[in-house]
Amino acid sequence: MDGTLIHEHTSETATMKAAVTEAYQAGKSFAKANLAGHNLTGLNLSGADFTGAFLTRTQLVECNLSNANFTNANLMQANIRAAKLDNANFTNANTLGINRS
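Quick notes on the rules
- Residues numbered from 1 in each chain as written.
- Predicted model: local features only at pLDDT ≥ 70, side-chain atom pairs only at ≥ 80, totals over all residues.
- Heavy atoms only, no water.
- Helix = DSSP H or I, 4+ residues; strand = E, 2+ residues; numbered from the N terminus.
- Buried < 20%, exposed > 50% of the residue type's maximum accessible area, 1.4 Å probe, protein only.
- Areas by Shrake-Rupley, 256 points an atom, 1.4 Å probe, with all protein chains shown as cover.
- Phe/Tyr/Trp six-rings, centres within 6.5 Å; stacked < 30°, edge-to-face > 60°.
- Arc of directions from axis to C-beta.
- Polar contact = N/O pair within 3.5 Å; in protein donor to acceptor, adjacent residues only side chain to side chain.

Along the protein chain, the regular secondary structure elements total one helix and zero strands. Considering the protein chain as a whole, with its 101 residues, one finds that 34% of them fall into the buried category. For the protein chain, the accessible surface area stands at approximately 5,600 Å², while carbon and sulfur atoms represent 45% of it.

With that settled, consider the packing of aromatic side chains. Tallying each qualifying case throughout the model produces three aromatic pairs. Pairing Phe30 with Phe50 gives two aromatic rings, centres 5.3 Å apart and planes at 15 degrees, and the pair type is stacked. One end of the pair, Phe30, is in the segment after α1 (16-25); the other, Phe50, is in the segment after α1, and 20 residues separate them in sequence. Residue Phe30 is classed as buried on the basis of its relative accessible area of 1%. Owing to a relative accessible area of 1%, Phe50 belongs among the buried residues under this scheme. Ring geometry for Phe70 versus Phe90: centroids 4.8 Å apart, planes at 5 degrees, classification stacked. One end of the pair, Phe70, is in the segment after α1; the other, Phe90, is in the segment after α1, and 20 residues separate them in sequence. Owing to a relative accessible area of 28%, Phe90 belongs among the partly exposed residues under this scheme.

Residues Ala19, Val20 and Ala23 constitute the buried set of α1. Looking down the long axis of α1, one finds its buried residues gathered within 100 degrees of arc, a one-sided arrangement. Looking one or two residues past α1, Gly27 carries a phi angle of roughly 80 degrees, positive in sign.

Turning our eyes to something else, we now look at the side chain of Asn74. Within the element layout of this structure, Asn74 appears in the segment after α1. A distance of 3.0 Å separates a polar atom in the side chain of Asn74 from the backbone nitrogen of Met76.

Everything listed is a geometric property; what it means functionally is a separate question.
As structure tokens, then:
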């Protein structure tokens with residue numbers, strides 16, 4: 001959220017979902033990233049670092065978020081229905097209105 005570029009996806013048909021997948025596979029951190037409102041449905045983001053990330057209204061439906069770190073992240077009204085959350089860390093995360101069902 002400080003404007004730092006974490007990854008540059010170069011495809012002409014780039015989508016946020018493709019860029020996040022590519023960044024994750026390259027081992028990039030999503031700490032303080034602004035992914036608000038994006039549809040990331042079905043991605044494997046296990047072990048990803050979302051410390052302080054802005055994920056308001058983000059679609060994380062059926063994602064693998066096992067061992068992901070959401071410390072101090074903002075997940076207000078995010079949709080995590082059917083997401084795998086084994087050992088995910090939500091310490092001090094804002095989960096107001098999150099959809100788990």
